[in-house]
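The residues making up each chain are set out below.
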Amino acid sequence: MQTSGKPSINDWIKSLPLYILPHHALSRGMMALTRIRLPWFKNWAINQFSNVFDINWSDAKKQRADEFENFNAFFTRELRSEVRPIDAQSNVLVSPADGRVSQIGNIDAGTLLQAKGKTFTTQALLGGVGSIAAPFDEGSFTTIYLSPRDYHRLHMPCDGTLIETIYIPGRLFSVAPHTTRTIPGLFARNERLVALFETEHGKMALVLVGAIFVSAIETVWAGLVTPPHQTDCVRTDYRQSSIVLKKGEELGRFNMGSTIIALFEKNRVVWAPSLSTDSPVKMGQAIATGYASG
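Residues numbered from 1 in each chain as written. Predicted model: local features only at pLDDT ≥ 70, side-chain atom pairs only at ≥ 80, totals over all residues. Heavy atoms only, no water.

Novice: Looking at this model, I keep getting lost on the overall build of the protein chain. Mind explaining?
Specialist: Within the protein chain, the regular secondary structure consists of eight helices and 18 strands. Projecting the C-alpha coordinates of the protein chain onto the three principal axes gives extents of approximately 60 × 45 × 40 Å. Counting the 294 residues in the protein chain, one finds 55% classified as buried. Counting only contacts in the protein chain whose residues sit at least 6 apart along the sequence, the fraction spanning at least 24 positions is 77%. (Helix = DSSP H or I, 4+ residues; strand = E, 2+ residues; numbered from the N terminus. Buried < 20%, exposed > 50% of the residue type's maximum accessible area, 1.4 Å probe, protein only. Contact = heavy atoms within 4.5 Å.)

Okay, here's the thing in structure tokens:
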């Protein structure tokens, strides 16, 4: 699967109609459909999806369509703990999700790479607040794309204390590889939730990016964050809440698939040399070595 490089004619053909589609209306409709509990309908939808995307049922705790109350429960299905072991080395950071590395590397003068010839700024991604973006200048980042067939719960790369979240309204363009190659500033245009953590490796930002049909984002500390979709940024301070999550612990989920971006401060993480653009990753897999502040 090509995730970077020059966009093809097919990329443009698939991407251009997205500019005129009613993203949020379509996503609300999909949300309603995925929560229908009629046994014949949800079982049919689950089995059809499973066949089309070749779902690996053996990893899941529940392994039959009739065990799920609706399609969304299947889509966000829990896995058996033994199939996603968490690397226990204290200085190792792990992948927050199953998926594929879309980009990985350094933040150059506050700019992240989206695809060949396309960049976006840390400040735009994090809601336009310079003081929030500043710690990540010259830092490190990785973007992980979750395809429809992937596991859709999100987990902590390392131990962290929640500082703040920022809900940022926006469009709901697809985040599939063809759109990352064609739509400028894609991840800084879509609706998203930024979760800021303090860790032993400095500050960490995890950005949960929504997408068309993928507009429902929830966290373990706040529940469903979106929908409802809002028109303004919403900052929530958690400094007094003492919310501490351990490495590998669930932090949230996409109720349908999307993208997560992880950002770290300068000289705090070194990415595993085996990782590069288009590398497949599994939640719990070692992706970086972390270094303490100071």
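Novice: What is the right way to look at helix H2 (residues 23-33) in this model?
Specialist: For H2, the set of buried residues is His-23, Ser-27 and Met-31. With its buried residues spanning 65° around the axis, H2 presents them on a single face. Its buried side turned inward, H2 meets strand S11 (223-226). (Arc of directions from axis to C-beta.)

Novice: Help me understand the pairing of strand S5 (residues 140-145) in this model?
Specialist: Each regular strand carries side chains that alternate between the two faces of the sheet. Across the six residues that make up S5, a large majority, six, are buried. Side chains Ser-140, Thr-142 and Ile-144 of S5 all project onto a buried face; the interleaved residues Phe-141, Thr-143 and Tyr-145 project onto the opposite face, where all are buried too. Judged from the six bridges that link them, strand S2 (residues 99-106) and S5 form a sheet pairing that is antiparallel. Counted as the bridge partner of Ile-104 is Thr-142 from S5. Looking at chain direction, S5 and strand S15 (residues 259-264) are connected through six bridges and run antiparallel. Note that in S15 the partner of Thr-143 across the bridge is Ile-261. (Pairing = 2+ DSSP bridges.)

Novice: Which parts of the structure should I look at to understand the sheet that holds strand S18 (residues 286-290)?
Specialist: Through backbone hydrogen bonds, the strands of a sheet pair up, either in parallel or in antiparallel fashion. Overall, antiparallel pairing links the three strands, which are arranged S1-S18-S16 in an open sheet. What marks the edges here is a single partner per strand, and that holds for strand S1 (92-94) and strand S16 (269-271). Strand after strand, the sheet turns through a mean of 35° between neighbouring axes, direction not considered. Sheet analysis places S1 next to S18, joined by three bridges and oriented antiparallel. The residue of S18 that forms the bridge with Val-94 is Ala-286. (Axes fitted to C-alpha atoms, helices over the stretch in contact; angles between N-to-C directions.)

Novice: Help me out: how do you make sense of the nonpolar core in this one?
Specialist: Considering soluble globular proteins, one finds that nonpolar side chains tend to be buried as a cluster. If you look at the biggest cluster of nonpolar residues, it comprises 32 residues, and the most contacted ones within it are Leu-154, Phe-197, Leu-206, Leu-208, Trp-221, Leu-251 and Ile-260. In this view, Phe-197 contacts Met-156, Gly-160, Thr-161, Leu-162, Ile-163, Gly-202, Lys-203, Met-204, Leu-206, Trp-221 and Leu-245; residues no more than four positions away in its chain are not counted. In terms of nonpolar packing, the next biggest core, distinct from the first, is built from 30 residues, Ile-107, Tyr-145, Phe-173 and Ala-188 among them. (Core = buried A, V, L, I, M, F, W, Y, C linked by side-chain atoms within 4.5 Å.)

Novice: Help me out: how do you make sense of the sheet that holds S11 in this one?
Specialist: A sheet is described by the order of its strands in space; here four strands give the open sequence S6-S14-S10-S11, paired in antiparallel fashion. The open sheet has two free edges, formed respectively by strand S6 (153-155) and S11, since each of these has just one partner strand. In this sheet, neighbouring strand axes are inclined to one another by 30° on average, regardless of whether the strands run parallel or antiparallel. As paired strands, strand S10 (residues 217-219) and strand S14 (residues 250-254) are joined by three bridges and run antiparallel to one another. Directly across from Thr-219, in S14, lies its bridge partner Gly-252.

Novice: Any chance you could explain the pattern of salt bridges here in plain terms?
Specialist: Working definition: two side chains of opposite charge can pair if their charged atoms are close together. The full count for this structure, using the stated rule, is 14 salt bridges. Here Glu-78 makes a salt bridge to Lys-61, at a shortest N to O gap of 3.2 Å. Of this pair, Glu-78 sits in the loop between helix H4 (71-75) and S1 while Lys-61 sits in the loop between helix H3 (39-53) and H4, placing them 17 residues apart in sequence. Close ionic contact of Glu-82 with Arg-80 constitutes a salt bridge, the shortest N to O distance being 2.5 Å. Through salt bridges with shared partners, one network takes in Asp-59, Arg-84 and Asp-98. (Salt bridge = Lys/Arg side-chain N within 4 Å of Asp/Glu carboxyl O.)

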